[in-house]
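An overview of the molecular structure
As a plain string of letters, each chain reads:
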Amino acid sequence: MEGNVVREGKTKILYKEKPGELIMEFKDSITAMNGRLKETIPGKGEVCSKITEIIFSHLEKNGVNTHFISRVSEKKLRVKELEMYPIEVVCRNIAFGSLLKRLPLRSGEELKRPVIEFYYKSDELGDPMLNEDHLAILGVSESEIKEIRGTTLKTNELLKELFRNAGLKLVDFKLEFGKYKSNILIGDEFSPDNFRAWLENRPVDKDLFRMGEGRDTVIKAYLEVLKRLEKVVN
Ligand code: UDP
């Protein structure tokens, strides 16, 4: 089992298990600025795998399809093997991060409505933002875009409430999608590496690392998110 590495990225390794399934292993690494900032944080892989499991199970329970199948071990999840779209889908509730470079908003301001953005996953091109014409060139059809938007908005509504119940504010997050037997599912992970969440207006996510905080502060924040989410789903 797990002999064949399908892909190894900055924070995860995918192994082929059997036809149609993969094992997703979460590493203890954390990176920012396109890999230029790098660190190992013992325990981070386990925490991120647990947060992903909680979130994906919650979404499944509420009718949103994800690639999650089951837990394998501390850092490993069994998932469906998807044919991934080469895009990242960002959804925002609060003006922060790169949105402040596009719109005249105050940092931390609540948005009137969620904002969805598409980016092309390409280190070479620096993950540029895409419009619907660009998406068509990449082979993503109008109906697929509509479905991906709908799933992203539903995910946002479900998770905003879940985070609120956990005493956290869901600022924004990134999703990835793929196809499995002609269905569109959420893939990849959902962890503080890919979402922003605030606890009393202080970040408990990868922004701590981006801001130069040490590994103790980062793992403590990730554990706080896990503890709070565990409490509200159980
Ligand atoms: N994000 C991500 N991967 C990326 C870019 C962004 O997971 O390659 C997440 C990020 O953690 C945040 C959200 O998407 O939760 C919006 O990020 P933003 O566009 O504001 O970019 P940043 O300020 O992180 O450069």
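Now for a look at the structure at hand.

Some thoughts on the sheet that holds strand 11 (residues 129-130)
- Here we have six strands laid out as an open sheet, ordered 11-10-9-12-15-16, and antiparallel in their pairing. Each having just a single partner strand, strand 11 and strand 16 (202-203) make up the two edges of the open sheet.
- Looking at chain direction, strand 9 (residues 87-94) and strand 12 (residues 169-175) are connected through four bridges and run antiparallel. For Val-89, the partnering residue across the bridge sits in strand 12 and is Leu-175.

Here's the deal with the pattern of salt bridges
- A complete count under the given rule lists 26 salt bridges for this structure.
- The residue Lys-121 makes a salt bridge to Glu-88 at a minimum N-O spacing of 3.8 Å. Here Lys-121 is found in the loop between strand 10 (110-120) and strand 11, whereas its partner Glu-88 is found in strand 9, with 33 residues between them in sequence.
- Between Arg-202 and Glu-200 there is a salt bridge, and its shortest N-O distance comes to 4.0 Å.

Concerning the packing of aromatic side chains
- Taken as a whole and judged by the stated rule, the model has four aromatic pairs.
- In textbook terms, an aromatic cluster arises when at least three aromatic residues are bridged by ring pairs, as seen for Phe-163, Phe-173, Phe-190 and Phe-195.

Some remarks on the site of the ligand
- Around the ligand sit 14 residues, and of these Glu-88, Arg-92, Ser-98, Asp-172 and Arg-196 come closest.
- In this structure, Asn-194 approaches the ligand through a main-chain N or O atom, which is 3.5 Å from an oxygen atom.
- Contact with the protein chains removes 75% of the 510 Å² of surface that the ligand exposes when unbound.
- At the level of elements, strand 9, strand 12 and strand 15 (195-199) are the ones that each hand at least two residues to the shell around the ligand.
- No other element matches the three residues that strand 9 contributes to the shell around the ligand.

What counts as what
- Residues numbered from 1 in each chain as written.
- Predicted model: local features only at pLDDT ≥ 70, side-chain atom pairs only at ≥ 80, totals over all residues.
- Heavy atoms only, no water.
- Pairing = 2+ DSSP bridges.
- Helix = DSSP H or I, 4+ residues; strand = E, 2+ residues; numbered from the N terminus.
- Salt bridge = Lys/Arg side-chain N within 4 Å of Asp/Glu carboxyl O.
- Phe/Tyr/Trp six-rings, centres within 6.5 Å; stacked < 30°, edge-to-face > 60°.
- Near = heavy atom within 4 Å.
- Polar contact = N/O pair within 3.5 Å; in protein donor to acceptor, adjacent residues only side chain to side chain.
- Areas by Shrake-Rupley, 256 points an atom, 1.4 Å probe, with all protein chains shown as cover.

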